[in-house]
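Analysis of the macromolecular model
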Amino acid sequence: MSNFAFLLSEWPDVHEAASKAEALAHSDPRAACFYARRALEAAMAWLYKYDAKLKLPYQDNLSALIHEPTFKAGAGEAVFTKARVIQRQGNDAVHSTRPVRQYDALQVVKGLFHFSYWLARTYARGAKP
């Protein structure tokens, strides 16, 4: 069972990508970072669609969504930092030729878990983890 099972009922797209990241963290660190970034993208898209307090930034790329002041203020520094690390490591995994360390993939998946937990505790309509 995935540590991200709590996402399945309300965020199936986030759950799918997060579960893949978790499953690949040891065997394919590069893919794990890619899927973690994909999960973050899906979560951010959901946030901007359903949270009226978030102001859509000038661009709709992941970096702009993360750095938008209304997201940073609402999420707090710890969640913002985790999102930034996931985004950066995901970008590096796709665009860099240097090896992705298993340790880095594990840290990214750990950060994704914390981000996902915040998402569910803050926005879940059903049972909260």
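Throughout what follows, the structure given in this document is the object of discussion. Everything numeric in this text was worked out from a predicted model, so none of it was measured.

Thresholds applied
Residues numbered from 1 in each chain as written. Predicted model: local features only at pLDDT ≥ 70, side-chain atom pairs only at ≥ 80, totals over all residues. Heavy atoms only, no water. Helix = DSSP H or I, 4+ residues; strand = E, 2+ residues; numbered from the N terminus. Rg over C-alpha atoms; globule rule 2.2 N^0.38 Å. Buried < 20%, exposed > 50% of the residue type's maximum accessible area, 1.4 Å probe, protein only. Areas by Shrake-Rupley, 256 points an atom, 1.4 Å probe, with all protein chains shown as cover. Expected span 1.5 Å × (residues − 1). Contact = heavy atoms within 4.5 Å. Polar contact = N/O pair within 3.5 Å; in protein donor to acceptor, adjacent residues only side chain to side chain. Salt bridge = Lys/Arg side-chain N within 4 Å of Asp/Glu carboxyl O. Core = buried A, V, L, I, M, F, W, Y, C linked by side-chain atoms within 4.5 Å.

Let's shift gears to the overall build of the protein chain. Looking only at helices and strands, the protein chain has 6 helices and 0 strands in total. Of the regular secondary structure in the protein chain, the N- to C-terminal order runs α-α-α-α-α-α. Against the 2.2 N^0.38 benchmark of 14 Å for 129 residues, the protein chain shows a C-alpha radius of gyration of 14 Å, consistent with a compact globule. The dimensions of the protein chain, computed from C-alpha atoms along their principal axes, are 40 × 35 × 20 Å. Among the 129 residues that make up the protein chain, the fraction classed as buried is 44%. Accessible surface, the protein chain as shown: approximately 7100 Å² in total, 55% of it carbon and sulfur.

Let's shift gears to helix α5 (residues 77–95). For α5, built from 19 residues, the straight-helix expectation of 27 Å at 1.5 Å per residue is met to within 8% by its first-to-last C-alpha distance of 27 Å. Every buried residue belonging to α5 is among V79, F80, A83, I86, Q87, Q89, G90 and A93, and all of these are buried. Close packing links the buried residues of α5 with α2 (29–50), α3 (62–67), α4 (69–75) and α6 (102–123).

Further remarks concern the environment of R121. You can see R121 is positioned in helix α6. Under the relative-accessibility criterion, R121 is labelled partly exposed at 42%. A sequence separation of 98 residues divides R121 from A23, and the C-alpha atoms of the two residues are 23 Å apart. Contacts of R121, omitting those with residues within four sequence positions, involve K128 and P129. There is a polar contact of 2.9 Å between the side chain of R121 and the backbone oxygen of P129.

Next up on the list: the pattern of salt bridges. Counting across every chain of the model gives 6 salt bridges. Across the pair R38 and E41 runs a salt bridge, and its minimum N-O distance is 3.7 Å. Of the two residues, R38 and E41 are both situated in helix α2; the distance of 3 residues between them amounts to about one turn of the helix. Given the relative accessible area of 37%, R38 is considered partly exposed. Here D104 makes a salt bridge to R101, at a shortest N to O gap of 2.9 Å. Through salt bridges with shared partners, one network takes in R37, R38 and E41.

Before going further, it helps to examine the nonpolar core. In this structure, W11, M44, L47, F71, F115, W118 and L119 are the most contacted members of the largest nonpolar core, which totals 41 residues. Those elements that place two or more of their residues in this core are α1 (12–24), α2, α3, α4, α5 and α6. Residue contributions to this core peak at 11 residues, all from α2. In this view, W118 contacts L47, F71, G74, A75, V79 and Y123; residues no more than four positions away in its chain are not counted.

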